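# Understanding the architecture of this molecule
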Amino acid sequence: MSSRKILITDHPWPELEIEENLLRAAGIEIVDAPNDAEATLIDLAQDVFAIATCWAEVTEPVIRAAKSCKLICRMGIGLDNINLKVASELEILVTNVPDYCVEEVADHTLGLMLALTRNIGFFHQRTKQGEYNLKAGPPMHRLSEQRLGLIGFGHIGREVFQRAKAFGLDVAAHTPSGNDYGTGCPMLSLDEILFTSDILSLHAPLSDATHHLINDSTVNQLKAGVILINTSRGSLIDPAALLRGLQTGKIAGAGLDVFEPEPPDLHDELYRQENVIATPHAAFVSEESVDELRMRVTKQILAVFNGEPPQNIVNQ
C-alpha cells in the first residue's frame, strides 16, 4: 500500500500510546488532528489510507478529499457521524465496534434508572446544599411493580433486559423487526411501549426514522409520570419537547448521557431542572472497554494495510 498514514480525527483519551505501539512495527504514521473542524480534516486526509473517528463528522468533502483512503473506522458503535453513502460510493470500507462497551452502557442505564426512581440524585443535591429532608422528595414506587420499556433491542438493550429482570421489573421492548433474539422479552408496538411504560429507556440507533423519536407528539402518548433514560444518541430526543414534558409533569425525570447538541449548553433551562441527571457521554467508559476499543480499531487498520478484510464491515 503506497500510503502509510492514518488520520485520527478525535479521541477522548489523552494519548495514543496503544495505537502507536501496534502500528509502529508496520511503519504506519499516525496523523493526530489538532481539531475536528471540517477544513482541518480535509487538509489532513489528503494522503491517508485510513481514517479513524470517534465523534467528529466525517463528511462528504472530507471523504472525497481522502483520495487514497481505503477504510473509515468508527471508534464506537453508531455510524451517524460518517457519510456512509459517499464512502460506499467510493468503495471505502466502513467499520465499527458494535459490542465493545455493552456491559458498561447497560450498567450506566441501570445506574441512571436507580438514581431517578430512588431519588438518589435528588437527595444528593439537597443534602449537599445542607438540606436533610426525606419529605422533600418526589414519590417513589416499588421497582417490581413498574414496567421498563426498551426502545431498541440490540446488544445493549438485551443486556439491560437481563439486568432489569434481576431487579424484578416487568420489561418489554420495541423494535421494528419485533425480534426478541430468543430472550422471551415481550415485543410491543411503539404505541404500546410509550403508553404502558413507567420507565422508558432508549437504545435505538440514530437514523432519519428515529431522529426526535421523543417529540411533542410522542410525549403526549407517554404514561403520566414516566422516567426517561437515554444512553444511545442525543438526537433521539427533541430537547425542547423533553423540557416541556418535564415542566408539565408528563415526564417525572430524565437521565441523559447523550445530548443534542453535544456537548450541551449546561446553562440551558433543561439542565437546570432538579429532576434531570446528566452525565458527560460517560456510559461507554471503563479502563477495560476503552483499551478494547482502541486495540480492535487499530487491528482493523492493520488488516486493511495488510490486504486482509477487517472485522465488522458495515457496508459490504
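Residues numbered from 1 in each chain as written. Predicted model: local features only at pLDDT ≥ 70, side-chain atom pairs only at ≥ 80, totals over all residues. Heavy atoms only, no water.

### Quick look at the domain arrangement of the chain
- Here the domain parsing of the chain yields domain 1 (5-100 + 287-306) and domain 2 (102-278).
- Facing the eight residues of domain 1 at the interface are six residues of domain 2.
- Summing the contributions of domain 1 and of domain 2, the shared interface buries around 560 Å²; its carbon and sulfur component is 48%.
- A per-residue breakdown of the area domain 1 buries against domain 2 is headed by Asp 80, Asp 99 and Ser 289, which together make up 51% of the total.
- Where domain 1 meets domain 2, there are one residue pair in polar contact (both at pLDDT 80 or more).
- Its residues assigned to classes, the side of domain 1 that touches domain 2 comprises three nonpolar, two polar and three charged. (Domains from an automatic or database assignment. Contact = heavy atoms within 4.5 Å. Buried area = accessible area lost by both parts, 1.4 Å probe. Polar contact = N/O pair within 3.5 Å; in protein donor to acceptor, adjacent residues only side chain to side chain. Nonpolar A, V, L, I, M, F, W, Y, C, P; charged D, E, K, R; others polar.)

### A few points about the sheet that holds strand S4 (residues 71-74)
- One open sheet accounts for five strands, arranged S2-S1-S3-S4-S5; its pairing is parallel. The sheet is open, and its two borders are formed by strand S2 (29-32) and strand S5 (93-95), each paired with just one other strand. Looking at each pair of strands side by side, their axes are set apart by 20° on average, direction ignored.
- Pairing geometry for strand S1 (residues 5-8) and S2, over four bridges, is parallel. Across the sheet, residue Ile 8 finds its bridge partner in S2, namely Asp 32.
- Lying over the sheet, helix H11 (residues 287-305) contacts S1, strand S3 (50-53), S4 and S5, oriented at roughly 170° with respect to S4. (Pairing = 2+ DSSP bridges. Helix = DSSP H or I, 4+ residues; strand = E, 2+ residues; numbered from the N terminus. Axes fitted to C-alpha atoms, helices over the stretch in contact; angles between N-to-C directions.)

### As for the packing of helix H1 (residues 17-24) against H11
- Between H1 and H11, whose axes approach to 9 Å, the crossing angle comes to 30°. With respect to their mutual orientation, H1 and H11 come out roughly parallel. You can see that H1 and H11 cross each other, and the crossing is right-handed. Residues Glu 17, Ile 18, Glu 19, Leu 22 and Leu 23 of H1 pack against Asp 291, Arg 294, Met 295, Thr 298, Ile 301 and Leu 302 of H11. (Parallel < 35°, antiparallel > 145°, perpendicular 65-115°, else oblique. Left-handed = near helix turned anticlockwise from the far one by under 90°.)

### Considerations on the packing of aromatic side chains
- Across all of its chains, the model carries six aromatic pairs by this definition.
- Ring centres of Phe 153 and Phe 161 lie 5.9 Å apart, and the angle between their planes is 75°; on these two criteria the pair is classed as edge-to-face.
- Overall, the relative accessible area of 2% leaves Phe 153 in the buried class.
- The ring of Tyr 181 has Arg 158 lying over it, and the distance from NZ or CZ to the ring centre is 3.9 Å. (Phe/Tyr/Trp six-rings, centres within 6.5 Å; stacked < 30°, edge-to-face > 60°. Buried < 20%, exposed > 50% of the residue type's maximum accessible area, 1.4 Å probe, protein only. Lys NZ or Arg CZ within 6 Å of the ring centre and 35° of its normal.)

### A short note on the UniProt feature "domain: D-isomer specific 2-hydroxyacid dehydrogenase NAD-binding" (unreviewed entry) in the chain
- Cross-referencing UniProt, the feature "domain: D-isomer specific 2-hydroxyacid dehydrogenase NAD-binding" (unreviewed entry) maps to residues 110-283 in the present numbering.
- Secondary structure within residues 110-283 divides into 30% helix and 16% strand; the distance between the first and last C-alpha atoms comes to 11 Å. (UniProt positions renumbered as here; feature names shortened; annotations may be inferred.)

### Comments concerning helix H10 (residues 239-248)
- Buried within H10 we find Ala 241, Leu 242, Leu 243, Gly 245 and Leu 246.
- Tucked into the core, H10 has its buried residues touching helix H9 (216-221), strand S9 (226-230), strand S10 (251-256) and strand S11 (276-278).
- The backbone nitrogen of Ala 240 lies 3.0 Å from a side-chain oxygen of the residue at the head of H10, namely Asp 238.
- In the stretch just after H10, Gly 249 is the one whose phi turns positive, near 90°.

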